Amino acid sequence: MTSTFLVRSPRHPEVTVAATLAAPAARPAPAVARSSSAPHGLLGLGGLRLTGRGRVVTAFLAALVCAPLVSLGAQAMASSPGEPVEVRVHTVAPGETLWDFAQEIAGPREDVRDVVADLRELNELGSAALQVGQTILVPVA
């Protein structure tokens, strides 16, 4: 709906101007969140930009997070190989288990479960099960 008015100019009283007043336009509907295919749609970060200071802070935080990981990697690479262990080759007889071998070679204050794990690692076994006739390496006690 529109209305027309005659308006006199305050600076020039001899001039009369016709002015039209339109009804206020309907407000647009609120913007819907961007779809997930938009780069920042999920987080609602559309239009967010980093300043130079923000980039410096972000780079510093990334370096702060990565520094301990780099030092851990350096320690892992700098470790020395284990000491050589004297072993004997044994063919498994019926009824023998890895637990039996671990009890024979375990020290007085050593946990037998740890020795079983060491034997599995030494022989590259997936489990503690042994087959009759299988050859395994057993550390000399």
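All of the points below concern the structure found in this document. (Residues numbered from 1 in each chain as written. Predicted model: local features only at pLDDT ≥ 70, side-chain atom pairs only at ≥ 80, totals over all residues. Heavy atoms only, no water.)

### Some points on the overall build of the protein
A tally of helices and strands in the protein yields three helices and four strands. Listed by position from the N terminus, the elements making up the protein come as β-β-α-β-α-α-β. Across the 141 residues that make up the protein, the buried fraction comes to 13%. Sequence-distant contacts, at least 24 apart, represent 41% of the contacts inside the protein between residues at least 6 apart. (Helix = DSSP H or I, 4+ residues; strand = E, 2+ residues; numbered from the N terminus. Buried < 20%, exposed > 50% of the residue type's maximum accessible area, 1.4 Å probe, protein only. Contact = heavy atoms within 4.5 Å.)

### Details of helix α2 (residues 98-105)
Within α2, burial applies to Leu 98, Phe 101, Ala 102 and Ile 105. Angular distribution of buried residues about the axis of α2 spans 100°; they occupy a single face of the element. Contacts made by the buried residues of α2 are with β3 (87-91), α3 (112-122) and β4 (135-139). (Arc of directions from axis to C-beta.)

### Here we look at a negative patch on the surface
Together, Glu 110, Asp 114, Asp 118 and Glu 121 make up a negatively charged patch on the protein surface. Along the polypeptide, Asp 118 turns up in helix α3. Taking relative accessible area as the criterion, Asp 118 reaches 45% and is therefore assigned partly exposed. (Patch = residues over 30% accessible without salt bridge, like charges linked within 9 Å, V, L, I, M, F, W, Y side chains within 5 Å. Areas by Shrake-Rupley, 256 points an atom, 1.4 Å probe, with all protein chains shown as cover. Salt bridge = Lys/Arg side-chain N within 4 Å of Asp/Glu carboxyl O. Lys, Arg positive; Asp, Glu negative; His and termini not counted. Charge placed at Lys NZ, Arg CZ, Asp CG, Glu CD.)

### Remarks on the pattern of salt bridges
A full pass over the atoms with the stated rule returns two salt bridges. Residues Asp 111 and Arg 113 are paired through a salt bridge, measuring 2.9 Å at the closest nitrogen-oxygen approach. On the basis of relative accessibility, which here comes to 57%, the residue Arg 113 falls in the exposed class.

### Considerations on the nonpolar core
If you look at the biggest cluster of nonpolar residues, it comprises 13 residues, and the most contacted ones within it are Leu 98, Phe 101, Ala 102, Leu 119, Leu 130 and Ile 136. At the level of secondary structure, the elements contributing two or more residues to this core comprise α2, α3 and β4. Non-local contacts of Leu 119, meaning those with residues more than four positions away in its chain, are made with Leu 98, Phe 101, Ala 102, Ile 105, Leu 137, Val 138 and Pro 139. (Core = buried A, V, L, I, M, F, W, Y, C linked by side-chain atoms within 4.5 Å.)

### Considering the environment of Val 140
With respect to the helices and strands, Val 140 occurs in the segment after β4. With relative accessibility at 43%, the residue Val 140 sits in the partly exposed group. With 54 residues separating them in the primary sequence, Val 140 and Glu 86 have C-alpha atoms 5.9 Å apart. For Val 140, the contacting residues outside a window of four places in its chain are Glu 86, Val 87 and Arg 88.

That's the geometry; what it means functionally is another story.
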